[in-house]
Each structure stands twice: as C-alpha cells, then as structure tokens.
Amino acid sequence: MATVAAILTVPCSAGRRPKRSSQPRGCGSGSLSVRASSGANTVTLLDYGAGNVRSVRNAIRHLGFGIRDVESPEDILAAERLVFPGVGAFGSAMDVLNSTGMADALREYIQRDRSFLGICLGLQLLFDSSEENGPVSGLGVIPGVVRRFDSSNGLIVPHIGWNALQITKDTPLLQGADGQHVYFVHSYHVLPSDANRDWISSICNYGDSFISSISMGNVQAVQFHPEKSGATGLSILKKFLSPISSGTKVPTRRKASKLAKRVIACLDVRSNDKGDLVVTKGDQYDVRDHTSSKEVRNLGKPVDLASQYYIDGADEVSFLNITGFRDFPLGDLPMLEVLRCASEKVFVPLTVGGGIRDFTDANGRYYSSLEVASEYFRSGADKISIGSDAVYAAEAFLQTGVKTGKSSLEQISRVYGNQAVVVSIDPRRVYVKSQEDVPFKTVKVSTKGPSGEEYAWYQCTVNGGRDNRPIGAYELAKAVEELGAGEILLNCIDCDGQGCGFDIDLVKMVSDAVTIPVIASSGAGAVQHFSEVFEKTNASAALAAGIFHRKEVPILAVKEHLVNAGVEIEGFLDQSQNSGLPTHAYSWATDAITITGGATGLAVLAQSYRAAAASTVTGSPPQRNAIDSVLGQR
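By the naming in an unreviewed UniProt entry, the protein chain goes by Imidazole glycerol phosphate synthase hisHF and is assigned to Miscanthus lutarioriparius. Taken verbatim from the UniProt record of the protein chain, the Function (unreviewed entry) comment is "IGPS catalyzes the conversion of PRFAR and glutamine to IGP, AICAR and glutamate. The glutaminase domain produces the ammonia necessary for the cyclase domain to produce IGP and AICAR from PRFAR. The ammonia is channeled to the active site of the cyclase domain."

Pasting the structure below:
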C-alpha cells in the first residue's frame, strides 16, 4: 500500500543548484505521477508549441496513461483518442494548424465523430471565427464567433479563477460536476445561440452566460482547464481517457455559484550560502536572519512546499525566483527544474517570476525575455510574472505615449495572451501633507503618517525594492494594463513581513483603477486579513507566504474563515461529510489508497489532517505519521 509519506518524497534535485549541462533535465523516474507501462492505454496529444502543455502531459501520466505526440496530419487521423490543449492567441494557433496541414486533418477527424477533447483555445478554435486580432477564421465545426469579454461596465478581464459550471446537457464527461468550481483563464468567449445550442453541454456566468463546454457524439471540448482544476478536473479528464470508468472519485462539495476569490501560496526561492535552492521569506524584503550568522532564512524545499500547499487547498502556487543565476545557460536555470518537478505534483495553476528579462550568459549567448518566458512555459508555468522590466516599459510608454511592441511585457503578451502575463508591483508608501505635493495619484490614508500626514502616494521600486523610480503604483498599474498585462500582483514594501494586514488603501486604489484582476500581497498575519481585503477592495485574490511556511496560519484555516464570512471560495467538501477537509487533501489521499468507510472515514481523516496541519515543519515525521496512521486503518 502506498503511504502519504511516500507521496511527499521529492525525488528530483530541485532543492539544489544543479551542475551545468547542455541537456535539459527531468525529475527522475520516482515521482508522484503513475507512469503508464508499455501495454497501457495511450492518448494522442496535439502540441503545436505554444504555452504550458506540460501540465496536461503530467495530468494524463498521473492518471496512468501514455502519450503519443502528433508529428504529422496523418498522426491525427490515426489517433484513437485525441487531446488538443490549445494555448495562446487564436490567430497564431490557426496559422500553425493551416501551415502544417493539421487544420484539415482536425476537421476530418471531428467529422468522423472520433474521440476528441479540446481544452481552452482547443474549444474556441472549433468555432467559425474569432475577433482576437481579427477577424480570424477558425475550424468552422461549430457556428459562433469568439469575442472578448466586455469590460466597459467594470467587468474584470481576463476571466481568471475558479468559477461554477452549470450543466445544460447530461454527458458522461461532466457527470458530478454540476455546480462545481473549475479553473478558467481567458479573455475571449463564445455566447450560446440558436445555431450552436445543440452542441452546448455546460455554461458559466461571467458578465454573460458563455459556453464552458460542448459535446456532440464523441467530440468534447471545455473552456476551462481540467488539468488545473484539482480533483474535479482530474475526474473529468479521467472520464475522457477511460470512458468505461467513473473517473477519479470526488466527494460532494458545497454548491458553487460564482467566481471564487483565490487564496495563493507564494514561495520566494533563492540559493542559500551553500548553493542549495531554498524557500525563504523577507522582512521588508530582507531575507537574511537578524543574527550573527546572517544566513538566508531556510523555510523548506520549493517542490516539497508547493506540493503541500496544493494538498492544503491553495488555489494557485506562485514561485518568485529572487536569485539572478545570470551565468547559467537558459536550459540550466535552476527554477526550470523546480517547475518541471512541481508541475508533476501540483494540479492547480503555477506562476513564476523573477529573471524574466533579456540576458547574456557566461558563454556570451544572448537570450531574449520572450525566449526565457517560453522556456518557463514549457517547463510547467501557467503564468509568468514580470517586475522591473515592466516598470521601465511603463515609464517609456508614459513619456512617449508610444507602444513599441519591443518590451518583454508586450512581446510575451502578444505571443501567449495577456492572461499569461502578471506584472508584479513593489511600491513603498510616501506620506505627503497635500494631494498637490506630488504629480502622482495620492490617497487619504487610514492611518496618518509620522508627522500627521493625511495623504500618501506609493512610489514604485525595481531590483527587489532597492531602487526607487519616479512613478506611482496607480500610474504603473494603468500603464501596464494598456501594454498587455493580464493581472497585477500588488505588493507593499512597508507591510512585507509585518503581519498587520494588507495595505487596504493601496489595494483599493489600484483595484478600482484597472479592469484586470489584482492580487493583494504583503502583510497577511491572520485569517481576518483575508476577509478584510476581499470585503473592502475589488481584489480578486490574496497571496501570502511566511504565515503559511511557518504554519502560523494554515491555508485550511483561511478557507474555513472565508466560508464563515460568506466569501465564495473553491475547495471545501460538504461540511456534513467531513467538517471541512480540503478537496485537494481528499484527492491526494485517494491517490494513495482507496478510502472506505463513507462519511465516518472521512471525518476521521479530517480530524487527523487538522491535527497534522499544526505541525511546525512541513512534511515532518509527526505530520506524515499522523495521516499515515489513519490511512493505514482504512
């Protein structure tokens, strides 16, 4: 019997700075994923080279299936089951499909009613056309036009996060998924019509009711990402891969009604003085202990913690690379190995930031920021976060009013879509006596300054908060939205590591100013800080780091509090079943063994899980043994 302790073991070398090599590295053979044997079923995957398809690969392998890649149109026609995880821009995808002859092969395959699953863009491409940088003609299988969400009435676009499915047609693929949260990330959608009504199997509401999945015979497609939708998504994917099975068991959860607020776990990753990659946490961006040793704070290994936070119910996991590694060739960057390993164990979105810029390695090889981002996407990132580069691009844009298209923000957004690009803003509060004292947006602060000042502006910084720039957080946020950012990670140097709560004044100012999602960051120290930022601002998500690493405030406690505060969240089972066991923890446990005993068994597991969550060291023997002891009785 597999044990939870065994599942927590991380086999790859992602905890240390690797030796240089000309070959990209994987994560070894002993991983969480169930590897398909040579005689196992195989699915054909159409990967045309854009975005993060690694996550789909990992989910398929995790479920015990092998993969055959499409290399020619003939491979499509020969497939028994075909998965098409479309990522990026509609026009770019159609260019590739048309130039390779795969568009015609796809049309013929679908017309033959062969087993097909399209994901995200893989759904949109089935329709007649798209307005994205167009009009651009699609495959023309289903009547309809792909249009951008209308943000003119204040709707936040892109649509990012966990939203509720509304089943409109009974299909085996979506059995048990009605009213459940699944993960969406897109700016374009298709509306139901009389012409396409027969195809629709589910809808989702965001501004309008849009098509979230289609089904006709053996042809299926979903707008959401099952590979990033935790237990529910894996169950849907399993039902496609093995129609005779019932899919991964997912217990009944609270009925979802709308887009959920997200709780994100952030891991600051850097090399310590011994050369090992560790997760650390700063105090106003200072990551070294205030002792004579001045060592980098070591709060755990990146992949271990990311895996644990997925189990605990984090809606997303964000890595911030705070070590330059500029001497490394691109393929050997240590964070790439962290992503490869984490994406085999974490089935919610992964974001990575830090070091995404043009650079030249020690061998004199030049890499563009687009090349760097592409490698991160191929290694398992769903979104990338840009910091200093975005500040410089915004300053140039505000000075000239010209979009050059050459900045890293513009280039990556154009190729991968703005939903894949996060801009990280690192401001510090500057108090002023009057709103007229500075040419930047000011706010009337909740707490007066040291000399009784009633106003403040938020000066942006670069290089990890070390250098101030002549631009405010408000002005920067507006500019990067115009340049193509799809989301803003809003930090606050003054609040970082203080545990006194998010800077509500800052978060409200920025989230009211833009129509893209804003993630509140810096300062969380108690569960009440999460409900406060959601109740008082338009933040779409809240991020924390140190309080999770140190087990001061477990993710489980945050989500319980938000449920009790009436905030829509993803990831809790029906309270009558198990008193609040996170769904990811249940899925994680059932990956190891089959749990029997119904609600009673789940209640015992929940009780043990809660006790184990109090362990001061993630993955420590007490935590593992506590859960193992329960699982061993089942």
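So what's going on with the overall build of the protein chain? Which residues, and what values?
Broken down by element type, the protein chain carries 21 helices and 29 strands. Out of the 634 residues in the protein chain, the part that is buried amounts to 61%. On the protein chain, roughly 23,700 Å² of surface is accessible, and the fraction owed to carbon and sulfur atoms is 46%.

Pulling in residues and values, what's your account of the UniProt feature "binding site: substrate" (unreviewed entry) in the protein chain?
Mapped onto this structure's residue numbering, the UniProt feature "binding site: substrate" (unreviewed entry) falls at G355 and N491. With respect to the helices and strands, G355 occurs in the loop between β18 (350–353) and β19 (359–360). Among the secondary structure elements, N491 is positioned in the loop between β27 (487–490) and α14 (504–513). Here D426 takes part through its side chain, which lies 2.8 Å from a polar atom of the side chain of N491.

Give me the environment of V422: which residues, what numbers.
Relative to the helices and strands, V422 is located in strand β22 (residues 421–425). Taking the relative accessible area as the measure of exposure, V422 reaches 3% and is therefore buried. For the pair V422 and V352, spaced 70 residues apart in sequence, the C-alpha to C-alpha distance is 9.3 Å. Not counting residues up to four positions away in its chain, the partners in contact with V422 are T351, K383, I384, S385, I386, E487, I488 and L489.

Summarise the nonpolar core; cite the residues concerned and give the values.
Counting residues in hydrophobic clusters, the biggest one holds 131 residues, and the most contacted among them are F319, Y376, I384, I488, F530 and F548. Both of domain 1 (42–241) and domain 2 (261–282 + 300–565) provide at least three residues apiece to this core. Contact partners of F548, with chain neighbours within four places excluded, come to V263, I264, A265, Y309, F530, V553, P554, I555 and V558.

I'd like to hear about the side chain of S540, residue by residue, with values.
As for its placement among the helices and strands, S540 is situated in the loop between α15 (527–536) and β29 (541–544). S540 sits in the buried class, given a relative accessible area of 11%. The contacts of S540, once residues within four sequence positions are left out, are I156, A260, K261, R262, P517, V518 and F534.

Please give an account of the environment of I412 that cites residues and values.
Inspection of the secondary structure assignment puts I412 in helix α12 (residues 408–416). When the C-alpha atoms of I412 and A485 are compared, they prove to be 9.4 Å apart, with 73 residues separating the residues in sequence. In contact with I412, other than residues within four places in its own chain, are I356, S369, L370, A373, F377, I384, I386, G417 and V421.

Basis of the calculations
- Residues numbered from 1 in each chain as written.
- Predicted model: local features only at pLDDT ≥ 70, side-chain atom pairs only at ≥ 80, totals over all residues.
- Heavy atoms only, no water.
- UniProt positions renumbered as here; feature names shortened; annotations may be inferred.
- Helix = DSSP H or I, 4+ residues; strand = E, 2+ residues; numbered from the N terminus.
- Buried < 20%, exposed > 50% of the residue type's maximum accessible area, 1.4 Å probe, protein only.
- Areas by Shrake-Rupley, 256 points an atom, 1.4 Å probe, with all protein chains shown as cover.
- Polar contact = N/O pair within 3.5 Å; in protein donor to acceptor, adjacent residues only side chain to side chain.
- Contact = heavy atoms within 4.5 Å.
- Core = buried A, V, L, I, M, F, W, Y, C linked by side-chain atoms within 4.5 Å.
- Domains from an automatic or database assignment.

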